[in-house]
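# An overview of the molecular structure
The primary structure of each chain is shown beneath.
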Amino acid sequence: MKVAELVRNSRRGIIVTGNFRGGQTDGDGMDLLSETIAHFAKVIGFPIFAGVQSGALRRENPVVPYAEHLLKNPLVSKGMRPDLILQFGSPLISAEISQVIKSNPSARHVLVQKLYPHERANPDFTVTHSISSDVGLFVNNMISHLERTDSLGTNYGSELTTLLYLGRELQNQIPSIIHKASGVNPNEEGDSGGRTGLTEPQVMLAISEVLSESSSEHPPMSMFLSNSMPVRDGEFFFYPPKQTLGRFPLSISVNRGASGIDGIISTATGCGDNSKPITLVCGDVTTLHDLNAFYGLTQEDSSSNGAHPAPHANQLPLTTVVVNNGGGAIFSFLPISKHGQDIGFEEYWGTPTTSFSFEKGALAFGLPHKSASSFEAFKDAYRSSIEMGGPAIIEANVVDRTTNVEVHQKITRWARSVIDTVLGPPPTRVHMLPLKRYERNFDIEMKMPTKIKRTLLLVHGWMGDKSEWDLVGETLSDDLSEDWEVISLDLPGHGESSLVLSSDQQAAHSSLGLDAMRPLGSNQNTPFSLDMIARAVCSSLIKDHGVKHLDAIAGYSLGGRVALAMKRLHSIDAGEDPTGMLVTDQTKMILLGSSPGSIPPYDSRSSHDDRQRLSKDFSLAESLFSSAYRSYLISDSEDEETLTKFLTRWYDAKPLWGDLKKRQPIKYRSMLSKRLRSLAGRRQDIACVLYSCSPPLTSHDDWKFVVPSKTLFVAGGLDEKYSSIGRSWEEMKGIAKYIEVANSGHALLVEEPQKISSIISGFVSDEAIEDEEEGVSQTTVEELMDLDDGSSLIAEEVNAVPLQLHQVGIMEYEAFSITIGSNGEGVQGIGWGQSARPGSELKQREGFIISIASRDGMAVGVGEVSPLKGLHEESLEESDRQLQLIQSFLTSDAQEWPQFDVARVLSLDGSLTQCIDSVFQLSGIDKTRAAPSVRSGLEMAVLSVSSQLYGTLLPQALAANHWHRPRSPAQSSFGQLPINGLITRGGSAETSGNKKISFQSLKVKTGHINVAQDAINLKRLKESSWNGHNIRLRADANRAWDIESARLFASELKKAGESFSRSFEFIEEPLEAQIFDGTWSLDAQVTALDDFTNTGDLNYALDESLADLVELHDSDFDRIASDLRKAFGGERAGQTGCAAFVLKPALLGLELSMQLANLAQQEFQISPVFSSSFDSGIGLAYTAILAAVSDKSPYSTTFTGFSHGLGTFDMFGGDTLSPPFESYVSKDGMVNVPSLSRALYGLSLDEMSDRLPTYETVSTSEEPVTSSSESDSYLATTSTTGRDITVSVSLPLPFSANIASSRFTDLPQMSRWSPWLNSVAYLDESPGLTEWNLNIRGVKFSWKAKSKVLDNPKGITWESVSGLKNRGIVEFEPTSDDSCTMKLKMSIIMPYILVSLFQGMPSVVHEFLQNKLLKWSLEMFRDVVKADLALERGDQELGDALFGAVEGRANALEEALK
């Protein structure tokens, strides 16, 4: 296809849409067409300039909003220079886009529409390719063609998509520009003097806003725009705000042509559809020209006494907006208007309409009429009309015609100014490269810094940043002697260095030709040539960071090439360029997988290889630029998918990376997520570096400038390219040594950071052999590590006690939804921020219960994932998506699984976090994006699994490992846990809480009414002795007050006297966040809180501040602890006003919460208070256990403890825990921790939900299939969802249904034909209740089942009531007097341990159940009954033979089970 070829070759293409023709232009068809065109635009990466006739298309993401205003700016219109214009539909209304087309005659212009004979579809003679076709059909065929020809590559994308950025910047400003140009506040009514606050652009803006806010559940809206001003204003101003869907018109009709303003109302009426609302916007003169058309909307009605017509019973929902500007406004835009009355302008062109009353005209036709003279009044009138339905007239009394011209001119001028500002000179680039210094751990406490004599620079590779060296740098800073300083920095185009090409503003600049940079052009115009990067590094080190000399440089991949370029530039520029003195011949070079240039012997293919490499690098760089262009058209998730595909292709090169994805999946995923963040933020810069630093474009002789004795080359053994380079370079004596890291690919810093640090440390410390004439042979990393100081550490690791590792197995989860309040009335003010306000109501608590088993199936644990709005940043849907990814991974056939050591996990030393991090990473979720609610749920489940594998209840397991106490079977060591009640905002002592429970402490939410009233309410609560006893009180302000309000609160409480003060424990977060210079800090918050305590004599507790600190430091406990020690440690321990740390495990994580609790108790003498996040019973149970363990801390006896915040349970209308959490709470507000722990021990989703189907009959719609060639009469089908397996089987029997039923329903006989069943016995507890026992591969199971014998047809049903979950039915259908067919259907939830025994469950278990266990059991039942009947007839020989056959099958089945 010619057009497809044009698209492939285009780099500055655009899509332009006009009036569509054909069957797709109404209603749903138009909606589908819009989506099709938008999808096509995303596929080829072209922006869309959508005329107002395109209707629903204007709400699509690829459409440039307010394009007409954009194109009035000459920087845009002249700078566009499109090379391909795809036009769908005609004519075009916009003069601006038409002018762009005419101004670029070299562009290919493709017009697609259904052409009529003899029409002038190409009036400006710009069309180069005309295609007569239905637009939707053409677009779909184009996509199919490109897919067939494999043309949907990543290199599609127009440079002009940056106009979307400009359009969206303008979109943010247009409403305020329109209102500002209108000269009055948008909701002020105008005076009666003729000038009002409503303007014609405001009319379009108001209609857009009203339709966008309307519910999408309403019928789709259509619109008709009159000729003259309405259609022009629609073209300029009628865009949905921020691509809001709402009821934005699916189709917009106009009547362009010779008819002018005649018959507009009639045409709009004819376009209408009684089932769908339609809006007509027309002028006052237009309305008068077709006034009688309103009669078509009315009929005579006897009830009206014939005075006026009335609306039709079958009304057309046509809202007519009459823009009344007192005449023909469009003529005021003509030059002739300035001559005024000299030429009779008002009489002949202005055509005043002031003598006509539209209100009386509407009354004459019996139509509703409303008049509006302000923006808000018009919005109200229009909103009311479309909601009411039926015909109506809205008269928009707008400013006079002269003012209308001024308003339009101001909007144009100010819109142009917005674009001028956006396209103004980019901010001056900061040339300083960010640098990181690695500090020695044991130098931190030194009073005087060590004098640095030598410097080691670490330089990262392409797509990396300075943090890539962190593991190596931190180790080196400790291993090297004290006179070494280890630093790393971000290369230009990477990390935190200044954006060059990747900012939206710069991208727009470049696309419009406003600068000279050519990212993929010659090296003269690129900001990222290798030499420029090397000079930038030297300059920044000297000028910005005071580094005068580098004693060693370690460079990885591109970083090594930068180091080589620095060395070459020193050799060339020494004595001329001061930056060249940074690197000398004494500087040691450690090159990790870096290209040194063309090393002899030269290959005759080098020139060809260079061309191939340059072409490949150009293609990769272009694909990144194309993805950047397309990123303006697509969603963030779609963009992330594109970048992930790019990275996957990049790292799939096995000769380079050594199949890293399979060998090290955790490290691979971690690396991929880091690279994804880099590309998302600055892919244009990174792409430009790739191409500009492509080896064919750089020096081929860098290897010549190194000093061999000062140069070390390192490569991975699986890295075929660079290991070959290393061997060749060493053979020619060009380096001191080549070291090969075994079993590693190119990603040396990711795969082997410790080995790399040992190699570097040994080389820079002069421990490696340096004599270039010694001819040192190739050295392995193991040999070098034997020489350096790291060997002792390595030896210690090797000799350490081996960990008892377990693996995380299957995860399942189910959703829950619980009403809040006994009657579902909900509660107010739950959460933080705006959610803490009384108007914020929580009526439903939703979340997920997850279940995780160990990989061996020996243990299973549950957890709760329930993000709370106003507390958690993630939504329920986002948590669900992460759980889906985790579940998918844990049920896959991956070769690497998350591992954990039980004792270390239970010690809460960070191992639990590492385990959960590996779950996220292996599941493809970057740990920095892991939802806290999902993390806490996983921690709950893994802790429960660990306690079972440890062999005791969770509190005892935690105490034994976290506090290092001996394991004790005495569960009574954990007794009763005190918890507090809660009075929510908007609640009271009478309406809040469980009156059956007398909590010893009560928390009251404050800060939602005036301060004095909050204090009075607390005092009244104390005086009332709520629940009949003397309670202790605490308050929670959720940062509601400034310091003055908080002091007033404290002052009011003082008036209650000393008795009240003694019973008042503390107030949580009384002060608003202390933010200075846009930054919050713990130090500022605590300083203000202590000032509050000193002046008000009230202690405080931290809650939100702890969460802020955790977020600030990315949950890094060491950094969090460091800040907390500064605030509360040392001499300040026990001396501040902080009484408690409020810890929410569901938000902070369980392990981190316990670490903070330990820190608070041990070092600060502060009491930890564990608090719910409005969790259900599962989450509350884990929080209670953590609180109980914390209260048993060896440090907890030295300060006052408080009850814990778990009293939210009594606000729930149900619970996930059965029996509910409430049942474990005593009347005096104490939780029975031992009983609660037993309830959690071994709990899984199997016990919490009914997952098996109910059977009323065996018959199904499934067509059975023959599953065994041995017996064509045995038929079976199997279906499965996870561990839930359902099997249906049938087998003909040579005896009657009565005989078969009587024998089969004698359940204790089951083991005769089912040898895997040890026994079945009836129980006396209840009729039909039986106990079953089985043994599979040495694993014993038992369960109780309730059964019922069926009469018609004969058979039996059963369902387990405890133990192994299963349910089934057997029916015997007669086929003759002496034969029947046995039909069985059963479902079972496979126990986790059986899943682990039968690895590859979907194939192995199905085959085993269907074709062995059940098949042979049914056939043995048949043969046992036949044998019994034979013996009963006296046929001993047949009976013995049949029993022999049964025994043979039993033995075969036993072997199969083994």
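Calculation notes
Residues numbered from 1 in each chain as written. Predicted model: local features only at pLDDT ≥ 70, side-chain atom pairs only at ≥ 80, totals over all residues. Heavy atoms only, no water. Helix = DSSP H or I, 4+ residues; strand = E, 2+ residues; numbered from the N terminus. Buried < 20%, exposed > 50% of the residue type's maximum accessible area, 1.4 Å probe, protein only. Areas by Shrake-Rupley, 256 points an atom, 1.4 Å probe, with all protein chains shown as cover. Core = buried A, V, L, I, M, F, W, Y, C linked by side-chain atoms within 4.5 Å. Contact = heavy atoms within 4.5 Å. pLDDT = per-residue confidence, 0-100. Pairing = 2+ DSSP bridges. Axes fitted to C-alpha atoms, helices over the stretch in contact; angles between N-to-C directions. Phe/Tyr/Trp six-rings, centres within 6.5 Å; stacked < 30°, edge-to-face > 60°.

For the protein, the count of helices and strands is 50 helices and 47 strands. Per-residue burial over the protein gives 57% buried out of 1458 residues. In the structure as shown, the protein presents an accessible area of about 59800 Å², 49% of it carried by carbon and sulfur atoms.

Now for the nonpolar core. Counting residues in hydrophobic clusters, the biggest one holds 137 residues, and the most contacted among them are Leu938, Phe1049, Leu1124, Phe1128 and Phe1141. For this core, the element with the most residues is helix 43 (residues 1177–1191), which contributes 10 residues. Excluding its chain neighbours within four sequence positions, the residues that come into contact with phenylalanine 1049 are Val1011, Asp1014, Ala1015, Leu1018, Ala1035, Trp1041, Ile1067 and Leu1098. Formed by 100 residues, the second largest nonpolar core is a distinct cluster that contains Met30, Val43, Leu84 and Ile252.

Let's shift gears to the confidence of the model for the protein. Model confidence for the protein is summarised by a mean pLDDT of 83, while 82% of its residues fall at 70 or above. Within the protein, strand 17 (residues 552–556) carries the highest mean pLDDT (97), whereas helix 29 (residues 791–799) carries the lowest (31). Low confidence marks residues 574–579, where pLDDT is under 50. Its contacts with residues over four positions away, or in another chain, come to 7 contacts. Residue range residues 1260–1272 is modelled with pLDDT below 50. Its contacts to residues more than four positions away, or to other chains, number 19 contacts.

A few words now on the sheet that holds strand 32 (residues 1064–1068). A sheet is described by the order of its strands in space; here 7 strands give the open sequence 29-30-31-32-35-36-37, paired in parallel fashion. Because the sheet does not close on itself, it has two edges, and the strands there are strand 29 (981–983) and strand 37 (1167–1170). For this sheet the average axis-to-axis angle between neighbouring strands, irrespective of direction, equals 30°. The strands that helix 35 (residues 1011–1023) touches are strand 29, strand 30 (1001–1005), strand 31 (1032–1036) and strand 32; relative to strand 31, the one it contacts most, it runs at about 160°.

Counted according to the given criterion, the structure contains 31 aromatic pairs. Between tyrosine 651 and tyrosine 668, the aromatic rings sit 6.4 Å apart at their centres with planes inclined by 85°, giving edge-to-face as the arrangement. A residue pair is termed long-range when its members are at least 10 positions apart, and tyrosine 651 in helix 21 (residues 636–651) and tyrosine 668 in helix 24 (residues 665–692) qualify at 17 residues. Take tyrosine 651: its relative accessible area is 5%, and that puts it in the buried class. Judged by its relative accessible area of 4%, tyrosine 668 is buried. Centre to centre, the rings of phenylalanine 1128 and phenylalanine 1164 are 5.9 Å apart; their planes meet at 45°, and the pair counts as tilted. In this pair, phenylalanine 1128 sits in helix 40 (residues 1117–1128) while phenylalanine 1164 sits in helix 42 (residues 1150–1164), placing the two residues 36 residues apart along the sequence.

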